[in-house]
Amino acid sequence: MEINKTLENLRINYQSAALDIHDCDQDPLLQFDKWLKEALLSECDEPNAFILSTVRDQQPRARVILLKGIHQNKFIFYTNYNSAKGVELEDNAKVAMTFMWLPLQRQVRIEGTVTKVSEELSDDYFQKRPRGSQLGAIASPQSQIVPNREALEKMFSEIENKFKNIEILPRPTHWGGYAVAPTLIEFWQGRNNRMHDRICYVKNGKDWELQRLAP
Ligand SMILES: Cc1cc2nc3c(=O)[nH]c(=O)nc-3n(C[C@H](O)[C@H](O)[C@H](O)COP(=O)(O)O)c2cc1C
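These numbers were taken from a predicted model, which means no experiment stands behind them.

**Observations regarding the nonpolar core**
Moving on, step 1. The biggest cluster of nonpolar side chains holds 28 residues, and the ones touching the most others in it are Phe 75, Met 97, Val 108, Tyr 178 and Val 180.
Moving on, step 2. Breaking this core down by element, the ones donating at least two residues are helix H2 (28–41), strand S1 (49–56), strand S4 (74–80), strand S5 (94–101), strand S6 (106–116), strand S7 (175–189) and strand S8 (197–204).
Moving on, step 3. When residues in this core are grouped by element, the largest group, six residues, is from S7.
Moving on, step 4. If near-sequence neighbours (up to four positions away) are discounted, Val 180 is found in contact with Lys 74, Phe 75, Val 95, Met 97, Ile 110, Gly 112 and Val 114.
Moving on, step 5. Tyr 81, Phe 126, Ile 138 and Trp 175 belong to the second largest nonpolar core, which has five residues in total.

**Details of H2**
Moving on, step 1. When the terminal C-alpha atoms of H2 are compared, their 20 Å separation across 14 residues agrees well with the 20 Å that a helix rising 1.5 Å per residue should span.
Moving on, step 2. By the burial criterion, the buried members of H2 are Pro 28, Gln 31, Phe 32, Trp 35 and Ala 39. Along the long axis of H2, the arc covered by the buried residues comes to 100°, so they all point the same way. For H2, the exposed residues lying more than 90 degrees away from the buried face are Leu 30, Lys 37, Leu 40 and Leu 41.
Moving on, step 3. Packing partners of the buried residues in H2 comprise S5, S6, S7, S8 and strand S9 (207–212).

**Topic: the site of the ligand**
Moving on, step 1. The full set close to the ligand counts 15 residues, and Thr 79, Ser 83, Ala 84, Lys 85 and Ser 143 are the nearest of them.
Moving on, step 2. Elements with a minimum of two residues in the shell around the ligand: strand S2 (59–66), S4 and helix H3 (84–91).
Moving on, step 3. Here the shell around the ligand is built from residues that sort into seven nonpolar, five polar and three charged.

The rules behind these values
Residues numbered from 1 in each chain as written. Predicted model: local features only at pLDDT ≥ 70, side-chain atom pairs only at ≥ 80, totals over all residues. Core = buried A, V, L, I, M, F, W, Y, C linked by C-beta atoms within 7 Å. Buried ≥ 20, exposed ≤ 12 C-beta atoms within 10 Å, placed from the backbone. Helix = DSSP H or I, 4+ residues; strand = E, 2+ residues; numbered from the N terminus. Contact = placed C-beta atoms within 7 Å. Expected span 1.5 Å × (residues − 1). Arc of directions from axis to C-beta. Near = placed C-beta within 6 Å. Nonpolar A, V, L, I, M, F, W, Y, C, P; charged D, E, K, R; others polar.

Written out as structure tokens, the structure reads:
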């Protein structure tokens, strides 16, 4: 295919920064906090977006999700508990998260296990969302097959109508947060000649062990 030539020749040499094991915080959550803050200050679009990978019947499945908090050393995101990923997580709570901050030539990979967050935390965040997003979360049977766009619009306007005189919308029980307790966090900094820096934190009991990995 024509595009293959272009793909083969696409090549960026990364050389904007370095990452040494001695510069890394002993606590990977603090290291993550530092990099996320730098991503927020950079020109990254949606710096809190990450790829969430789950596994269904040994088949990996992945999609983009937004990180919405870090509480008690766990990464928090919100979704529909009845969605495809929700069903997958019921069966297998192990996940991978991948952040990509290209303007900084950085990637962070996280592996861990999810649990549902408390009802209070989900309620609290649901109430902070714009009304349109709240209505969408109530109306949309996420991951279900729908006949067409009109059917979706109808679902939304029915919910909009139903709640038109209600100021504070109740969080639907099918929508809420998950918290990822990490067991591995790897920080990747692009370097010259593909000799990138990879510093990996692996959880050992309560401690984190740091390792440098070959690129
Ligand atoms: C930038 C971006 C952010 C997204 N954030 C979320 C999110 O925070 N929660 C969510 O449920 N879906 C989010 N999505 C949609 C998901 O990628 C996905 O389509 C949806 O959750 C259904 O996935 P599933 O069928 O595998 O459960 C986002 C998509 C994009 C492109």
